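So the chains spell out like this:
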Amino acid sequence: MAPKKIVGLLVGRENTFPGPFLEMVNQKGKADGITGELAVLGGTPELAEPYHAVLVDRISHEVPYYRAHLKSAVLMGAVVVNDPFWWEADEKFFECTLARKLGVAVPKTVVLPNKQYIPDIDHVRSLRNLQFPLDWEHIVSYTGLPAVLKPNTGGGWKDVFIVHTMEELITAYDQTGLKTMILQEFIDWDDYVRCICIGREHVMPIRYNPKAPFEARYQISQPVEGTLRDQAIKDARTLVEALGYDMDTVEFAIKGDVLYAIDFLNPAPDFDNFSIKEDSFRWVVDKMSDLVLAYARGEATPPWREEYRWWKYVKKTPVPNPVGT
Ligand SMILES: Nc1ncnc2c1ncn2[C@@H]1O[C@H](COP(=O)(O)OP(=O)(O)OP(=O)(O)O)[C@@H](O)[C@H]1O
Ligand SMILES: [Mg+2]
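Procedures and definitions
- Residues numbered from 1 in each chain as written.
- Chains lettered and ligands numbered in written order.
- Predicted model: local features only at pLDDT ≥ 70, side-chain atom pairs only at ≥ 80, totals over all residues.
- Helix = DSSP H or I, 4+ residues; strand = E, 2+ residues; numbered from the N terminus.
- Contact = placed C-beta atoms within 7 Å.
- Near = placed C-beta within 6 Å.
- Nonpolar A, V, L, I, M, F, W, Y, C, P; charged D, E, K, R; others polar.
- Buried ≥ 20, exposed ≤ 12 C-beta atoms within 10 Å, placed from the backbone.
- Arc of directions from axis to C-beta.
- Pairing = 2+ DSSP bridges.
- Axes fitted to C-alpha atoms, helices over the stretch in contact; angles between N-to-C directions.
- Parallel < 35°, antiparallel > 145°, perpendicular 65-115°, else oblique.
- Left-handed = near helix turned anticlockwise from the far one by under 90°.
- Domains from an automatic or database assignment.

With respect to the environment of Asn 82
Along the chain, Asn 82 turns up in the loop between strand E4 (79-81) and helix H3 (84-89). Along the primary structure Asn 82 and Met 247 are separated by 165 residues, whereas in three dimensions their C-alpha atoms are 6.8 Å apart. Apart from the residues within four sequence positions on either side, Asn 82 is in contact with Asp 57, Trp 87, Tyr 245, Asp 246, Met 247 and Pro 267.

Considerations on the site of ligand 1
Near ligand 1 there are 19 residues, and of these Pro 107, Gly 155, Ile 187, Pro 210 and Asp 263 occur at the shortest range. Every element with two or more residues in the shell around ligand 1 is listed here: strand E6 (147-151), strand E8 (181-185), strand E11 (247-255) and strand E12 (258-263). A breakdown of the residues in the shell around ligand 1 according to their chemical character gives 9 nonpolar, 5 polar and 5 charged.

Focus: helix H4 (residues 92-101)
Taken together, the buried positions of H4 are occupied by Lys 92, Glu 95, Cys 96 and Ala 99. One face of H4 carries all of its buried residues, which in axial projection span an arc of 105°. Where H4 is buried, its residues contact strand E5 (109-111), E8, helix H7 (226-243) and E12. Looking one or two places after H4, you find Gly 103, whose phi comes out positive at around 80°.

Digging into the pairing of E11
Across the 9 residues that make up E11, a large majority, 7, are buried. Sheet analysis places strand E9 (residues 191-198) next to E11, joined by 8 bridges and oriented antiparallel. Looking at the pairing, Tyr 192 lines up with Ala 253 of E11. Pairing analysis gives 5 bridges linking E11 to E12, with the strands arranged antiparallel. Bridge assignment links Ile 254 to a residue of E12, and that residue is Leu 259. Between E11 and E12, which pair antiparallel in sequence order, lie 2 residues; one of them, Gly 256, sits at a positive phi of approximately 60°.

As for the packing of helix H1 (residues 18-29) against helix H9 (residues 278-297)
In contact at an axis separation of 9 Å, H1 and H9 are set at 50° when each is read in the N-to-C sense. Looking at the two axes, H1 sits oblique to H9. As H1 packs across H9, the resulting crossing turns out to be right-handed. Contact residues: Pro 20, Phe 21, Met 24, Val 25, Lys 28 and Gly 29 in H1; Val 285, Met 288, Ser 289, Val 292, Leu 293 and Ala 296 in H9. Residues of the contact of H1 with H9, tallied by class, amount to 9 nonpolar, 2 polar and 1 charged.

Comments concerning the domain arrangement of the chain
Under the domain assignment, the chain is made up of domain 1 (5-88 + 289-316) and domain 2 (108-185). The C-alpha centroid of domain 2 is placed 36 Å from the C-alpha centroid of domain 1.

Section: the sheet that holds E6
Taken together, the 4 strands give an open sheet; going across it, the order is E5-E8-E6-E7, and neighbouring strands pair in antiparallel fashion. Edge strands, defined here as strands with exactly one partner in the open sheet, are E5 and strand E7 (161-163). Between one strand axis and the next, the sheet turns through 20° on average, direction left out of account. Strand direction decides the pairing type here: E5 and E8, joined by 3 bridges, are antiparallel. Directly across from Val 110, in E8, lies its bridge partner Leu 183.

Structural data, given as structure tokens:
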């Protein structure tokens, strides 16, 4: 019989996804000796043989030790969903540039220098490459007003400001402290769609109302249909395929017949059944379990792993260096 393979799950506060997901992995994986469990980590030595064949990471952005463990686990041959290296490097501004290069519409966006720096940074000596003061007129002539000022990395609508005038913009910017912000054209949308994307292939577009209270945002009673559905699936696939994310949500604000990608840096997307509702939840559990089982069985490999320079060298080194040499 093939050796037992374990799928480990790393989660934060979420409560509705972990149980059904692990149950489904256990049920579908039984015949192949694949089991699913919550990962338990407590200090990782280098060259630790991975206990988990696959790790699903939903919280390493908040727990840096998990991320350190996950990077090393990749090097040692485990599969991690999502790529911990890329997740750490990714930023909203980069993603806007990427979308433009790939022909996916995004609002006009400018990345801005920070308002503040750590105390050791001397404004005269350390920041010689920065234009000062900023030419706000020029910046705003590109994005227009109203505009959205939001963090280049982040989530949960933290520090997202909608500004209507230059005064509002400066007042908001002055509150952003050490954060790197982007200023983005405000899309006065007539429709809004959020796509749950799994395995870089499966895309479920759901109508979404960002103005509703958190748990009422996914509007399943108004399905996304026709050309809007086709375009959302096509653009979402383009983005997650290029980014290499196996789980993500891609959000579109729709104005006229243009789908503007607003936020697609959600590598630990909301999977709670009370937000995405029961049918989508079952779909997520089904697709996520198929994904990790395909990785655990060796039927699939993460495409990004081969692209890391160090992976080529690691593959060529059959015997790890003993400790101390
Ligand atoms: N350019 C824009 N035009 C119109 N509305 C926008 C724009 N950018 C952001 N918003 C609104 O602000 C909300 C939050 O922005 P964004 O999704 O970028 O931040 P976030 O903190 O990553 O949010 P989440 O936690 O929902 O992923 C969006 O759902 C959207 O309603
Ligand atoms: Mg987000």
